[in-house]
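Coordinate analysis (summary)
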Amino acid sequence: QTSWRWLEVKLTELGMLTHPGYKITFVLDKTSMFQIVSTNKSGKSLTHYVKPLQIIWSKFPQWSSKNTVHLDDLKRNFALNMSSGLKCTGYYRKKRKKRNSAGGVNDTELLGLGRFCELLATTEVKDNFD
């Protein structure tokens, strides 16, 4: 789980906090997360933390599951809001030996993600957009 310090570093390095083309409204770090117990595919109990988007939705009525996308490299982080979650590969500027990690130079997922978010922004129906 990522602290605000590292989120700010990552978002700043990527230019996402200062570039006029990005309109990030909220960033939730690990301090907003709480622990739940869920069941994995094999039926075993798994204790993990989740990011509760309901915090945003209850305080700001203009935001809801219809206009929120939760991007995360850990699917379990959006266990409470599966229809708003979009799993992506963790981003690394340098090539990593980890499987499924192409590194910043070969990262093409971000381009597809941008196109997908543009499609979401222009689509009327947001429920169950799998």
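Above this text sits the structure in question.
To start, this report covers the structure provided alongside it. (Residues numbered from 1 in each chain as written. Predicted model: local features only at pLDDT ≥ 70, side-chain atom pairs only at ≥ 80, totals over all residues. Heavy atoms only, no water.)

Once that is clear, we can look at the overall build of the protein. Along the protein, the regular secondary structure elements total three helices and four strands. Secondary structure elements in the protein, listed N-terminal to C-terminal, are α-β-β-α-β-β-α. Buried residues in the protein amount to 22% of all 130 residues. (Helix = DSSP H or I, 4+ residues; strand = E, 2+ residues; numbered from the N terminus. Buried < 20%, exposed > 50% of the residue type's maximum accessible area, 1.4 Å probe, protein only.)

So, on to the environment of Lys-51. For Lys-51, the location among the structural elements is in the loop between strand S2 (45–50) and helix H2 (54–59). As for Lys-51 and Leu-28, which are separated by 23 residues in sequence, their C-alpha atoms are 7.5 Å apart. For Lys-51, the contacting residues outside a window of four places in its chain are Leu-28, Met-33, His-70, Asp-72, Asn-77 and Asn-81. A distance of 3.2 Å separates the side chain of Lys-51 from the side chain of Asp-72, its partner in a polar contact. (Contact = heavy atoms within 4.5 Å. Polar contact = N/O pair within 3.5 Å; in protein donor to acceptor, adjacent residues only side chain to side chain.)

Glancing now at the side chain of Asn-77. Here Asn-77 shows up in the loop between strand S3 (70–72) and strand S4 (85–87). Residue class for Asn-77 comes out buried when judged on its relative accessible area of 1%. Of the polar contacts made by the side chain of Asn-77, one reaches the side chain of Asp-72; its length is 3.0 Å.

Time to look at the pairing of strand S1 (residues 34–39). Note that S1 and S2 share six bridges and pair antiparallel. Paired with Val-37 across the bridge in S2 is Thr-47. Between S1 and S2, which pair antiparallel one after the other, the connecting turn spans five residues, and Gly-43 there sits at a positive phi close to 90°. (Pairing = 2+ DSSP bridges.)

A few words on a nonpolar patch on the surface. Residues Trp-4, Leu-17, Tyr-22, Ile-24 and Val-27 make up a contiguous nonpolar surface patch of roughly 410 Å² in combined accessible area. By the element assignment, Ile-24 lies in the loop between helix H1 (4–13) and S1. Judged by its relative accessible area of 36%, Ile-24 falls in the partly exposed class. (Patch = residues over 30% accessible without salt bridge, like charges linked within 9 Å, V, L, I, M, F, W, Y side chains within 5 Å. Areas by Shrake-Rupley, 256 points an atom, 1.4 Å probe, with all protein chains shown as cover. Salt bridge = Lys/Arg side-chain N within 4 Å of Asp/Glu carboxyl O.)

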